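# Summary of structural features
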Amino acid sequence: MKVVNLKQAILQAWKERWSDYQWAINIKKNCPKGATWDYLNLAEALLEQAMIGPSPNPLILSYLKYAISSQMVSYSSVLTAISKFDDFSRELCIKSLLEIMDMFSNRLRYPSVNQLHLSMQKSVRCGFSRMQVICFLSCFFHMKCHGKAEECIGLCRAMLCTMVWLLQGCAWYCERLRESGALPVLENSLRACLGRMTNLLHSTKNRALVHIARLEEQASWTNVEQALLKVSENLNAVTNLTLKEDLEECVSLVKGIPQMLSLQSDPPVHTSFPSVHAFIMLEGTMNLTGETQPLVEQLMMIKRMQHIPAPLFVLEIWKACFTGLIESPEGNEELKWTAFTFLKIPQVLLRLKKYPQGEKTQDFMEDVNVAFEYLLNLTPLLDKADQRCNCDCLSLLLQECNKLGLLSEANTSSLTAKRTEDREHAPRLRTAENANIQPNPGLILRAEPTVTNILKTVDADHSKSPEGLLGVLGHMLSGKSLDLLLAAAAATGKLKSFARKFIKLNEFPKHISGEGSKSASVRALLFDISFLMLCHVVQTYGSEVILSDPSPSSETPFFETWLQTCMPEEGKTLNPDHPCFRPESGKVESLVALLNSSSEMKLVQMKWHEICLSTPAAILEVLNAWENGVLSVEAVQKITDNIKGKVCSMAICAVAWLVAHVRMLGLDEREKPQTMIRQLMTPMSGENTLQFYHERVVIMSSILEHMWADVFQQTGLSLRPAVEGQEPIPYRNLLPARQPIRQVLQTQFREVLEKGWVDSHAFHLFENLLHMGGVFWFTNNLVKELLKETRKEWASRVVELLYSIFCLDTQQITLTLLGHILPRLLTDPAHWHSLADPPGRALAKLSVWCALSSYSSHHKGQASARQRKRQREDIEDYTSLFPLDDTQPSKLMRLLSSNEDETVMLSSPGDRSMSSSLSASQLHTVNMRDPLNRVLANLFLLISSLLGSKTAGPHTQFVQSFIEECVECSEQGNRGSILQFMPFTMISELVKLQALAKPRTVLSITDLSLPLGRRMAAKAIAAL
């Protein structure tokens, strides 16, 4: 039957005055089988015929009402048909349309308590039985749309059209009120439209459906904005205050629909955030050379996940910095913390100021000012830092923040004055003694511009007169100048450039032309000083600062080659028989003869790179001769004096080989090699040494001590007596002897938990345990510690502390946690009891935090140098461990055309069909060969399988907590959320959990940028 025939049937029924049920019987007789009334536009045809005259046709309207009551037509088709009527001047027609809307508007909103009470009273008065009352009440709570996804998305569109229509009606009546005055008829009509719109919008469910329709049809939302503009323009024409307030409330609800997912939960009530504190401690202790932007991104991730107010967030950063300053060991570690606090953190705050904020409530400068106001209240912390640094630390920080535009002049002056007043009452320790000590913060701040000047100086052409450059290098070696400059360069991101310049300088002495003794001495010193500086940089900041990306077109510099093959580092084992220690025999013999001669070593035409490469083999010859009785102790002493007498780099190359050699010897065979090392470390007392010898020996001794520390610790020996109150090498050999490492881990973690934050010492110990036990052992045992906590407050504290500890290697720990530990806990019923709240919810929060941080940094390529250099001994082949169907993209079109209502419940993720595992990540063509993507996809498949198994318990409670935390932490509208790996079919299972059966939750867990995602969300919300 065509539409024109449908109209003829309606007219025939009207002419013959059929009753509504007669009309329904006759119309069904003539309807072709298999056709639906929505497809034939029955509702639109009835309304069109009913609204022809100045007043509605009551008989035809009765046909429509009967069709609605008998469910011949759907809600969406009626609403769409109503929204097409645009003549608001026909008052009776509008009134009839609103009455029709009332027939099923109750189905689109939840009843109030008063409505339920009145309904129950009416039922009792009418003599209904108890069962009839129960059935009646059930109609209120279960009038849901259980259609297919396409029908549900049609309902969304219809509700959007209805909202536009009602807004246009309100705008029309407001405009008439402005023209004609406050006529009661117009006000009543406006009140009628407004009442229906209020009924529609007061339900979060309905607003969520409209939100989906807005994303589905952007053009229709333009009509909403235009109608809102007209209503706002004529709002003052409404003189009835109650009516005006109701209209303003409705307008506010409409405007809030696009921001439904931007609503944040209330900020936490506590003021201390251990995860921020510990993360800053970790970065300041172990990652001074790291780039600033990844640090900013990670901090913002923590801030978003925990909803930390900006002033308290900045305050926690400063608290951690001052704690680090106070706790850092004297020497180089103290300088590194000073540079981190006074140079790097102000730059971090500057990036945070420029970071795009979703909803900025106040200016970032004001947040920084409030944070400093809070910090001023922590007088003991500030006093302790001032005593340690021998200066007013806060005033220096305020000046730096003012220079960068983080504080206004007025706020800087006010804060400085308050701190000056507080310092008058602060205790003064050793005032006279401290007066002669220059404070490190001031030295660091002055060193920062010096680094730039030195880089320019070194970069100049010194081939004709290298003596001037030698003076600059000599000045850098004096006192702690080198450590100051390196710390300033590391904190400002210039250390790599600094190192490249000195590698280039180390290559300069290779070029030998006719030279005299003076130029030969200068060339030897340039090589030696640059070699020492580079070794010191490697031991202080790591070899990744030195090493450059391999280039096939250029030759690898000597120092890089020597560093990779010959230099001992923590956790690096060298082979003493490696070919790099075995140069040409002729060069070795000549070097041995030169070292064994009584005459002074000649520097002219000396190729220092070849000498350094030949030194290990020469030392082996000397050691063999000594052990076989060919050389005496005095002869060996003379040889070691010759090695260290001119250039200290020869002694470093000799000890580098001795360290590798001693590792292969038994304890009873180490005496003579250890004696040679002590001889090489003892400074020369003669006057025939080269310039800056004392300064070079100080650096050489430090380098040798670091090289030999691990081997000497095995025998309980030391190279030199320890200074009271100062560790020879900070944070070295922290693991206690003869104690199981699991016990060490548990003890240290309990200490951290009692204290409430992770200090630098604890971080270094945790890193040693991570190296020794491996990623799985480390993660698994710390998760066990979390699952022991049965108190909610302590479980929350453990989550924050573990999150910061896991930042030691976020990527690998996250893969282990999500790919091994969680699946084992979720699939083994014997472990389900451990997932009960509060530890289960705490583990869910920790898992989500790690997953979000790891996914964000991984896909932005922001793994820190500290994590990149870690040995990957625990990496498994995640492709074979978690097999996925890699041909899935080719099946997408066939899948999308299949029936989405067919779901298959299977026992394990590996058994799931393609149709039940399709997720947004596959439609976004995410690389599923990536280990992290693969682990996330399989975790969500496992969760989906658990939900489909119909077995409730602590494991399903964990799943609920996991999804809730994902919703709480994820950035809405961000394709980078881990929820994109969730199968679409899992949505219908999740809303069966009462805590997740909320419209906003459904919107949050679904990728609304995809048509399929919008349909699945509409289907789930319509069924709530």
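Residues numbered from 1 in each chain as written. Predicted model: local features only at pLDDT ≥ 70, side-chain atom pairs only at ≥ 80, totals over all residues. Heavy atoms only, no water.

### Description of unusual backbone geometry
For clarity, the cut-off: Helical segments are the DSSP runs of H or I of at least four residues, strand segments are the runs of E of at least two, and each set is numbered from the N terminus. For every residue, the accessible area obtained with a 1.4 Å probe (protein chains only) is divided by the maximum for its type, and the residue is called buried under 20%, exposed over 50%, and partly exposed between those limits.
Following Asp 837, the chain continues into Pro 838 via a peptide bond in cis, with omega recorded as 5°. Positionally, Pro 838 belongs in the loop between α39 (810-827) and α40 (839-859). The backbone of His 307 sits at a positive phi, close to 55°, despite the residue not being glycine. Note on placement: His 307 falls in the loop between α15 (292-306) and α16 (310-327). According to the relative accessible area criterion, His 307 is buried, its value standing at 15%. Phi angles above zero are rare outside glycine, and Phe 692 is one such case at about 60°. Positionally, Phe 692 belongs in the loop between α33 (671-681) and α34 (693-715). By relative accessible area, which is 18% here, Phe 692 ends up buried.

### Remarks on the side chain of Thr 814
Quick reminder of the rule: Definition of a polar contact: a pair of N or O atoms within 3.5 Å, with one able to donate and the other able to accept a hydrogen when the atoms are protein atoms, and with sequence-neighbouring residues admitted only if both atoms are side-chain atoms. Two residues form a contact once any of their heavy atoms are found within 4.5 Å.
Mapping Thr 814 onto the fold places it in helix α39. Within the structure, Thr 814 has its side chain in polar contact with the backbone oxygen of Cys 850 (distance 3.5 Å). Every residue in contact with Thr 814, bar those within four places of it in the chain, is listed here: Gly 819, Cys 850, Ala 851, Ser 854 and Leu 932.

### Concerning the side chain of Arg 419
Along the chain, Arg 419 falls in helix α21 (residues 409-423). Arg 419 gets classed as buried once you look at its relative accessible area, which sits at 0%. A polar contact is formed between the side chain of Arg 419 and the side chain of Asp 386, at a distance of 2.7 Å. The residues touching Arg 419, leaving out its near neighbours within four places in the chain, are Leu 376, Thr 379, Leu 382, Asp 383, Asp 386, Asp 392 and Leu 394.

### Quick word on the environment of Asp 828
For Asp 828, the location among the structural elements is in the loop between α39 and α40. We classify Asp 828 as partly exposed; its relative accessible area is 29%. Along the backbone, Asp 828 and His 955 are 127 residues apart, and their C-alpha atoms lie at a distance of 9.6 Å.

### Details of helix α14 (residues 274-286)
Quick note on the threshold: One fewer than the residue count of a helix, multiplied by 1.5 Å, yields its expected span.
For α14, spanning 13 residues, the distance from its first C-alpha to its last is 18 Å, which sits close to the expected 18 Å at 1.5 Å a residue. A large share of α14 lies buried, amounting to 13 of its 13 residues.

### A short note on the confidence of the model for the chain
The condition that has to hold: Note: pLDDT gives the predictor's confidence per residue, expressed from 0 to 100.
In the predicted model, the chain carries a mean pLDDT of 80, and the fraction of residues at 70 or more is 80%. Every residue in residues 885-916 scores below 50 in pLDDT, and together they form 41 contacts with partners more than four places removed in sequence or on other chains.

### Focus: the packing of helix α5 (residues 75-83) against helix α9 (residues 149-180)
Using the following cut-off: In this analysis an axis means a line fitted to C-alpha atoms, helices contributing only their contacting stretch, and an angle means the value between N-to-C directions, from 0 to 180 degrees. Orientation is classified from the angle alone, with under 35 degrees giving roughly parallel, over 145 giving roughly antiparallel, 65 to 115 giving roughly perpendicular, and any other angle giving oblique. Two helices cross in a left-handed way if the nearer one is turned anticlockwise from the farther one by less than a right angle. They cross in a right-handed way if the turn is clockwise. Three classes are used, and their members are as follows: Ala, Val, Leu, Ile, Met, Phe, Trp, Tyr, Cys and Pro are nonpolar, Asp, Glu, Lys and Arg are charged, and the others, Gly among them, are polar.
Two elements in contact, α5 and α9, have axes separated by 8 Å at closest approach and are oriented at 30°. With respect to their mutual orientation, α5 and α9 come out roughly parallel. Viewed along their axes, α5 and α9 form a crossing whose handedness is left-handed. Facing Tyr 75, Ser 76, Leu 79, Thr 80, Ile 82 and Ser 83 of α5, the residues of α9 in contact are Gly 154, Leu 155, Ala 158, Met 159, Cys 161, Thr 162 and Trp 165. A breakdown of the residues in the contact of α5 with α9 according to their chemical character gives eight nonpolar, five polar and no charged.

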